[in-house]
Amino acid sequence: MQHRYAPGQMLSLRSAPRHSNRPSGPCEVIACLPHDKGPVLYRVKSSGENNERVVEETDLSISDALKAISAERDSVFSIAVTKR
């Protein structure tokens, strides 16, 4: 199974099951971890924390707010303006 997300990508991290202090919210993919079997794993860093966490791909999603930011940044108009 291949990794769906790439290092440097901003995603939304779901809150952890009970008995965990993992926050939900925006996070950045730091690395895609190798795997042979089992869940696809990533090393991520939440925007409000200094430490990195290992999470399963099922705990990550592209949020609507992050989609809008990336679409705005990559629009044709913004590329033309930044190249001037």
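Just above sits the structure.
Residues numbered from 1 in each chain as written. Predicted model: local features only at pLDDT ≥ 70, side-chain atom pairs only at ≥ 80, totals over all residues. Heavy atoms only, no water.

Draft legend 1. Representation of the nonpolar core. Residues Y5, L11, L13, C27, V29, V40, Y42, V44, V55 and L60 constitute the largest nonpolar core, which totals ten residues. Apart from the residues within four sequence positions on either side, C27 is in contact with Q9, M10, L11, L13, V44, K45, S46, S47 and L60. (Core = buried A, V, L, I, M, F, W, Y, C linked by side-chain atoms within 4.5 Å. Buried < 20%, exposed > 50% of the residue type's maximum accessible area, 1.4 Å probe, protein only. Contact = heavy atoms within 4.5 Å.)

Draft legend 2. Structural view of the packing of aromatic side chains. Evaluated as defined, the whole model comprises one aromatic pair. Ring plane angle 50° and centroid distance 5.9 Å describe the contact between Y5 and Y42, whose orientation is recorded as tilted. Residue Y5 is found in the segment before β1 (10-13), and its partner Y42 is found in strand β3 (residues 41-46); the two are separated by 37 residues along the sequence. By the burial criterion, Y5 is buried, and Y42 matches it. (Phe/Tyr/Trp six-rings, centres within 6.5 Å; stacked < 30°, edge-to-face > 60°. Helix = DSSP H or I, 4+ residues; strand = E, 2+ residues; numbered from the N terminus.)

Draft legend 3. The arrangement of the sheet that holds β1 in detail. The strand order across the open sheet formed by five strands is β4-β3-β2-β1-β5, and the pairing between neighbours is antiparallel. The sheet is open, and its two borders are formed by β4 (52-56) and β5 (60-61), each paired with just one other strand. Where β1 meets β5, two bridges bridge the pair, whose relative direction is antiparallel. By the bridge assignment for β5, S12 is matched with S61. (Pairing = 2+ DSSP bridges.)

Draft legend 4. Representation of the pairing of strand β2 (residues 25-32). With four bridges joining them, β1 and β2 adopt antiparallel strand pairing. The residue bridging S12 from the neighbouring strand is P26, located in β2. Note that β2 and β3 share five bridges and pair antiparallel. Bridging across to β3, A31 finds its partner in R43.

Draft legend 5. Expanded view of the pairing of β4. Only one face of β4 is covered, namely the face carrying R53 and V55; the face carrying E52, V54 and E56 is uncovered. Here β3 runs beside β4; their pairing, made up of five bridges, is antiparallel. Residue pairing for β4: K45 is matched across the bridge by E52. The antiparallel hairpin formed by β3 and β4 contains five residues in its connecting segment.

Draft legend 6. Inspection of the side chain of E57 at higher detail. Tracing the backbone shows E57 in the loop between β4 and β5. Within polar-contact distance, the side chain of E57 engages the backbone nitrogen of R4 at 3.0 Å. Excluding residues within four positions of it along the chain, E57 makes contact with Q2, H3, R4, Y5, V40 and Y42. (Polar contact = N/O pair within 3.5 Å; in protein donor to acceptor, adjacent residues only side chain to side chain.)

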